[in-house]
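Secondary and tertiary structure notes
Here's the letter readout for the chains.
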Amino acid sequence: MHRLLTTLGRGFKERIGWKRLGIVASLVIIVLAITTLVRTLKGVDTGVILTALTEISPHHIVLAALCVIGAFCTLTFYDFFALRTLGEKHVPYRIAAMSAFASYSIGHNIGATVFTGGAIRFRIYSDYGLNAIDVAKICFLSGLTFWLGNLFVLGFGMAWHPWAASAMDLLPSAINRLIALGCLAGIAAYFVWLVTGKTRRELGQNGWKVVLPSARLTLLQMLIGVVDLSFCALAMYLLMPTEPYIDFISLAVVFILATLLGFASHAPGSLGVFDAAMLVALPQFGREQLLATLLVFRVLYFMIPFGIAISIMGTRELWLNVVQPWQERRRMDDKCSNQTAVPQPVKRLTSQR
């Protein structure tokens, strides 16, 4: 049996591989989401959507925008926590904040966040002496923060309101509750594994090892992810139609599941995937009203931060590659001109008697 499993595992890695399997899974999710979205949007009246946009309270839009700001402020601690865990204390918070904001904002909109976000991080952190392996470790620890927060909120929410996920995963409430308890048990087992280690746990081999945070720091790490997700879910909740009523926990469960599907698809901005999941999971709302909510949320969470991040990175590249070299050349030219300048004769003053 062991030989059979070993042979199957070797054949899987050689002929298929996790990378190809991930690409196929992403394409399947995108195709299913687009098919569902097209079928759901049949007969939608754009005029009703425009009317629904005007019915969203400006007060709620402002509060949702503040929640999005809070989410991105919390997001900056993903990289800062990872840097301090790795002992890279020479990188200041402002650089970590810029890197986290730019990598997530641009990566989420372009798609394939692992690669696009990693490239942006490397472009920023390489100026501070970090290499590709260091950046990979930062991405790993930031991803761990994201998943710990997701698993905790999703596990707590599905254990409390298991029926909230049934419209999306088509599973009975009892099964969803078991899945939720499994998520929470997995987190508890991870903490036990951290606590029982004689020293801080490590992952990796062959020269690539990352030291994991201690159990106490992992609590802080998970809290960062939970606060980030809570702000995002609250922003969506504030934009939802007032009728019919939905409680915050149920919406948070649906929101996180839709977010994870969009993340797994690697689609630019989770476009189509996130929206289809929300429409399928919340059939009690009118399609036009829910589409208006999704449109405003996309503007607040995706489009505006994307524009700001592009502006920040563009300004940074312009400063580093154009302004600073020009200032350096000008400084060198002035220095050379001062060194080669012919000194003027100095007249000696003679005292008059």
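Here we come to the overall build of the protein chain. Along its length, the protein chain carries 13 helices and two strands. With 353 residues in all, the protein chain has 41% of them scored as buried. Across the protein chain, the fraction of contacts at a sequence separation of at least 24, relative to all contacts at a separation of at least 6, is 70%. Carbon and sulfur atoms make up 68% of the accessible area of the protein chain, which amounts to about 20200 Å² in all.

This paragraph deals with the packing of aromatic side chains. Under the defined criterion, the tally for this structure stands at 18 aromatic pairs. Between the aromatic rings of Phe-72 and Tyr-301, the centroid separation amounts to 5.2 Å while the plane-to-plane angle is 35°, which identifies the pairing as tilted. On the criterion of sequence distance, the pair formed by Phe-72 in helix α4 (residues 58–85) and Tyr-301 in helix α13 (residues 287–340) is long-range, its members being 229 residues apart. For the pair formed by Phe-72 and Tyr-301, the shared burial category is buried. Taking 6.1 Å as the distance between ring centres and 25° as the angle between the ring planes, the aromatic pair formed by Phe-274 and Phe-297 counts as stacked. In this pair, Phe-274 sits in helix α12 (residues 273–281) while Phe-297 sits in helix α13, placing the two residues 23 residues apart along the sequence. Phe-297 carries the same exposure label as Phe-274, and that label is buried. Taken together, the aromatic side chains of Phe-72, Phe-101, Phe-255, Phe-274, Phe-297, Tyr-301 and Phe-302 make up a single cluster linked through ring pairs. The side chain of Arg-298 reaches across the aromatic face of Phe-302, ending 4.9 Å from its centre.

Once that is clear, we can look at α12. Along α12, eight of the nine residues are buried, which leaves the element largely enclosed by surrounding structure. Taken residue by residue, α12 has Val-273, Phe-274, Asp-275, Ala-276, Ala-277, Met-278, Leu-279 and Ala-281 as its buried positions.

So, on to the side chain of Arg-121. Inspection of the secondary structure assignment puts Arg-121 in helix α6 (residues 113–125). Side chain to side chain, Arg-121 and Asp-79 meet in a polar contact 2.8 Å long. What Arg-121 contacts, discounting residues up to four positions off in sequence, is Asp-79, Ser-99, Ser-103, Tyr-104, Ser-126, Val-135, Ile-138, Cys-139 and Ser-142.

Under the defined criterion, the tally for this structure stands at seven salt bridges. Residues Arg-121 and Asp-79 are paired through a salt bridge, measuring 2.8 Å at the closest nitrogen-oxygen approach. Here Arg-121 is found in helix α6, whereas its partner Asp-79 is found in helix α4, with 42 residues between them in sequence. With a relative accessible area of 5%, Arg-121 lands in the buried category. Of the charged contacts, one joins Glu-317 and Arg-123 as a salt bridge, the two residues approaching to 3.1 Å between their closest N and O atoms. Taken as a pair, Glu-317 in helix α13 and Arg-123 in helix α6 lie far apart in primary sequence, 194 residues in all. Residues joined in a network through salt bridges with shared partners are Arg-123, Asp-127, Arg-316 and Glu-317.

Further remarks concern the environment of Phe-285. Within the secondary structure, Phe-285 is located in the loop between α12 and α13. Each C-alpha atom of the pair Phe-285 and Met-240 lies 9.2 Å from the other, and the pair is 45 residues apart in sequence. Excluding residues that lie within four positions of it along the chain, Phe-285 makes contacts with Met-240, Pro-241, Glu-243, Pro-244, Ile-246 and Leu-290.

On to the packing of helix α7 (residues 132–160) against helix α9 (residues 173–195). Running from amino to carboxyl end, α7 crosses α9 at an angle of 140°, the nearest separation of the two axes being 8 Å. Taken together, the axis directions place α7 and α9 in an arrangement best described as oblique. As α7 packs across α9, the resulting crossing turns out to be left-handed. Residues Leu-144, Leu-148, Leu-151, Phe-152, Gly-155, Phe-156, Met-158, Ala-159 and Trp-160 of α7 pack against Asn-176, Arg-177, Ile-179, Ala-180, Leu-181, Cys-183, Leu-184, Ile-187 and Tyr-190 of α9. The residue inventory of the contact of α7 with α9, partitioned by class, reads 15 nonpolar, two polar and one charged.

What follows is about a nonpolar patch on the surface. A contiguous nonpolar patch, built from Leu-295, Val-299, Met-303, Ile-304, Ile-308 and Ile-312 and spanning about 480 Å² of accessible area, is present on the exposed surface. Tracing the chain through its elements places Ile-308 in helix α13. For Ile-308, a relative accessible area of 42% puts it in the partly exposed group.

Turning to the environment of Phe-152, a few remarks are in order. Tracing the backbone shows Phe-152 in helix α7. Taking relative accessible area as the criterion, Phe-152 reaches 32% and is therefore assigned partly exposed. Beyond its immediate stretch of four places on either side in the chain, Phe-152 contacts Leu-184, Ile-187, Met-222 and Val-226.

Here we come to the confidence of the model for the protein chain. Interpretation of this model should avoid reading the predicted coordinates in detail wherever pLDDT is low. For the protein chain, per-residue confidence averages 83 on the pLDDT scale, and residues scoring 70 or more make up 83% of the total. Within the protein chain, α4 carries the highest mean pLDDT (95), whereas helix α1 (residues 2–15) carries the lowest (52). Note that pLDDT drops below 50 for residues 349–353; the model gives that stretch zero contacts with residues more than four away or on any other chain.

Quick look at the packing of α4 against helix α10 (residues 215–239) now. Contact geometry for α4 and α10: axes closest at 8 Å, N-to-C directions at 160°. When the interaxial angle is binned, α4 and α10 end up roughly antiparallel. For α4 against α10, the interelement crossing comes out left-handed. Here the residues of the contact of α4 with α10 are counted per class, giving 20 nonpolar, five polar and one charged.

Criteria and cut-off values
- Residues numbered from 1 in each chain as written.
- Predicted model: local features only at pLDDT ≥ 70, side-chain atom pairs only at ≥ 80, totals over all residues.
- Heavy atoms only, no water.
- Helix = DSSP H or I, 4+ residues; strand = E, 2+ residues; numbered from the N terminus.
- Buried < 20%, exposed > 50% of the residue type's maximum accessible area, 1.4 Å probe, protein only.
- Contact = heavy atoms within 4.5 Å.
- Areas by Shrake-Rupley, 256 points an atom, 1.4 Å probe, with all protein chains shown as cover.
- Phe/Tyr/Trp six-rings, centres within 6.5 Å; stacked < 30°, edge-to-face > 60°.
- Lys NZ or Arg CZ within 6 Å of the ring centre and 35° of its normal.
- Polar contact = N/O pair within 3.5 Å; in protein donor to acceptor, adjacent residues only side chain to side chain.
- Salt bridge = Lys/Arg side-chain N within 4 Å of Asp/Glu carboxyl O.
- Axes fitted to C-alpha atoms, helices over the stretch in contact; angles between N-to-C directions.
- Parallel < 35°, antiparallel > 145°, perpendicular 65-115°, else oblique.
- Left-handed = near helix turned anticlockwise from the far one by under 90°.
- Nonpolar A, V, L, I, M, F, W, Y, C, P; charged D, E, K, R; others polar.
- Patch = residues over 30% accessible without salt bridge, like charges linked within 9 Å, V, L, I, M, F, W, Y side chains within 5 Å.
- pLDDT = per-residue confidence, 0-100.

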